[in-house]
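Results of the structural survey
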Amino acid sequence: MPARKILVLGATGVIGKVLVEALLCGKEHFDSIGIFTSAESATNKQALIESFKSRGVSVVIGDLYNDDQVLEAYRDYDTVVSALGRYAIDKQVDLIALAERSSTIARFIPSEYGTDIAYDATSVTEMPHQKKLKVRKFLESGAISRLKYTYLVVGPFADLYVGNMAQEPEMGSFDPENKKATLLGEGTEQISLTTMADVGRLLVGVLRHPEVCDNKAIKVNSFTTTPNAILAEFERQTNSKWNVEYTSIDQLRQLEKKAYEDQNSLSSLYTLRRIWTEGRTLYEKRDNESIGLTKMDTLEMVIQQAVANPVSAFQSGKL
Ligand SMILES: NC(=O)c1ccc[n+]([C@@H]2O[C@H](COP(=O)([O-])OP(=O)(O)OC[C@H]3O[C@@H](n4cnc5c(N)ncnc54)[C@H](OP(=O)(O)O)[C@@H]3O)[C@@H](O)[C@H]2O)c1
């Protein structure tokens with residue numbers, strides 16, 4: 001069954017708002033686009049929500065922890081796209097159970113949009129994957145018989161990977177204002193990245209091609225590069241030589257261990273950056289073309305954007 005009526009959860013977050021933009025760009029493929037957002041976001045992110053509304057997005061303000069409100073919101077939609085942030089990942093188990101119980105929701109896209117949590121045998125023990133693994137386990141369990149699902153695996157967001165990690169640059173950082181970078185590994189390790197705009201296009205592709213996406217992980221990327229190549233592109237576009245430092249994989253592992261010992265709130269990010277630098281974003285084959293993604297964003301475009309508008313490598317859409 002095609003996805004025609006789309007409800008987005010977490011629509012005001014870092015990736016959620018990009019997903020809504022992409023749905024709006026492809027709105028001819030959908031009958032309705034709605035968001036379910038918290039009262040807090042409705043107040044604090046009013047301009048964003050008004051801009052969605054003015055372009056035809058239906059807005060439900062409610063509490064994801066209130067089952068009746070969620071079920072009521074589900075009634076008008078056939079597909080739930082979740083872009084909930086990391087503190088609400090495990091809440092999705094309840095939201096999926098409610099979707100299974102609802103009479104209308106046929107498909108649930110859980111909040112993934114990142115590192116492959118089933119890349120190889122090591123993935124199952126990685127700390128940042130645990131809640132997402134729990135969600136996958138529930139979707140694949142006997143408790144769910146009616147709902148279809150797709151996991152969107154995109155690796156690191158290119159826009160953030162090339163950002164400035166000002167507070168802890170040793171976890172990898174590109175600072176165009178001060179022309180300095182800290183490269184991970186030896187700088188030569190390959191990494192596959194996806195821009196947030198391409199993640200939005202991926203979502204539209206997945207919703208339009210359920211026949212190739214149902215009940216599996218779809219793996220895409222915008223491009224594969226290396227820290228050295230990213231630096232070279234920054235140097236080319238800023239017409240200057242940058243100061244460069246390196247964090248070797250061994251140093252990254254030590255920093256990761258210390259981050260957990262210190263209960264550093266960025267400890268998950270250390271793990272993810274170690275996973276990425278170890279090559280666990282690389283594949284022989286991707287799904288880009290099977291869902292109609294033939295033209296992807298490029299490294300050059302991402303660096304142009306980062307030079308014009310420097311970004312932090314860590315962003316949170318939480319209030
Ligand atoms: N590949 C990458 O590099 C990368 C980078 C960042 C994120 N991600 C992934 O993208 C997904 C979304 O992350 P994000 O950073 O976009 O999320 P986020 O901005 O932190 O939060 C997204 C939205 O979730 C809702 N939310 C947050 N905390 C909640 C809570 N405790 N209870 C209920 N709702 C809550 C809020 O929406 P409302 O207030 O509107 O309800 C919020 O705007 C995650 O799966 C994350 O792992 C990937």
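Let me begin by describing the structure that accompanies this report. Treat the numbers as computed from the prediction; the structure is a model and nothing was measured.

Definitions and cut-offs
Residues numbered from 1 in each chain as written. Predicted model: local features only at pLDDT ≥ 70, side-chain atom pairs only at ≥ 80, totals over all residues. Heavy atoms only, no water. Near = heavy atom within 4 Å. Polar contact = N/O pair within 3.5 Å; in protein donor to acceptor, adjacent residues only side chain to side chain. Areas by Shrake-Rupley, 256 points an atom, 1.4 Å probe, with all protein chains shown as cover. Nonpolar A, V, L, I, M, F, W, Y, C, P; charged D, E, K, R; others polar. Disulfide = S-S within 2.5 Å. Buried < 20%, exposed > 50% of the residue type's maximum accessible area, 1.4 Å probe, protein only. Salt bridge = Lys/Arg side-chain N within 4 Å of Asp/Glu carboxyl O. Helix = DSSP H or I, 4+ residues; strand = E, 2+ residues; numbered from the N terminus. Pairing = 2+ DSSP bridges. Axes fitted to C-alpha atoms, helices over the stretch in contact; angles between N-to-C directions. Contact = heavy atoms within 4.5 Å. Parallel < 35°, antiparallel > 145°, perpendicular 65-115°, else oblique. Left-handed = near helix turned anticlockwise from the far one by under 90°.

Turning our attention to the site of the ligand. The environment of the ligand is made up of 28 residues, and the closest members are Thr12, Thr37, Ser38, Ser41 and Lys132. Interatomic distance of 3.2 Å between a backbone N/O atom of glycine 85 and an oxygen atom of the ligand. In the model, an oxygen atom of the ligand is placed 2.8 Å from a nitrogen or oxygen of the serine 111 side chain. Expressed as a share of its isolated accessible area of 910 Å², the protein-covered part of the ligand is 83%. Residues of the shell around the ligand, tallied by class, amount to twelve nonpolar, twelve polar and four charged.

In this structure the tally under the stated criterion is zero disulfides. With no disulfide of its own, cysteine 25 lies 19 Å from the sulfur of cysteine 213, the closest cysteine sulfur. We classify cysteine 213 as buried; its relative accessible area is 0%.

On inspection of all chains with the given rule, the structure shows 22 salt bridges. Of the charged contacts, one joins lysine 257 and glutamate 261 as a salt bridge, the two residues approaching to 3.2 Å between their closest N and O atoms. Of the two residues, lysine 257 and glutamate 261 are both situated in helix H11 (residues 249-261); the distance of four residues between them amounts to about one turn of the helix. A single network of salt bridges, built from pairs that share partners, joins Asp120, Glu126, Asp250, Arg253, Glu256, Arg274, Glu278 and Arg280.

Strand pairs in the sheet, formed through backbone hydrogen bonds, run parallel or antiparallel to each other. On the basis of which strands lie adjacent, the open sheet formed by seven strands has the order E3-E2-E1-E4-E5-E6-E10 and parallel pairing. The sheet is open, and its two edges are formed by strand E3 (58-61) and strand E10 (216-219), each paired on a single side. Sheet twist, expressed as the mean angle between neighbouring strand axes with direction ignored, is 20 degrees. Across four bridges, strand E2 (residues 32-37) lies against E3 in parallel orientation. Residue pairing for E3: phenylalanine 36 is matched across the bridge by valine 60. Here helix H5 (residues 92-101) sits on the sheet in contact with strand E1 (5-9), strand E4 (79-82) and strand E5 (107-109), set at roughly 165 degrees to E5. Helix-sheet contacts for helix H8 (residues 196-208) involve E1, E4, E5, strand E6 (148-153) and E10, and the interaxial angle to E6 is about 155 degrees.

Taken as a whole, helix H6 (residues 130-139) has its buried residues at Leu133, Val135, Arg136, Phe138 and Leu139. Buried-residue contacts for H6 involve H5, E6 and E10.

Bringing the packing of H11 against helix H12 (residues 267-277) into the picture now. The relative placement of two packed helices is expressed as an angle between their axes plus a distance between the axes. Contact geometry for H11 and H12: axes closest at 8 Å, N-to-C directions at 160 degrees. One element, H11, and the other, H12, form an angle in the roughly antiparallel class. Crossing hand, H11 versus H12: left-handed. Touching Ile249, Leu252, Arg253, Leu255, Glu256, Ala259 and Tyr260 of H11 are Ser267, Ser268, Tyr270, Thr271, Arg273, Arg274 and Thr277, all from H12. Taken together, the residues that form the contact of H11 with H12 break down as six nonpolar, four polar and four charged.

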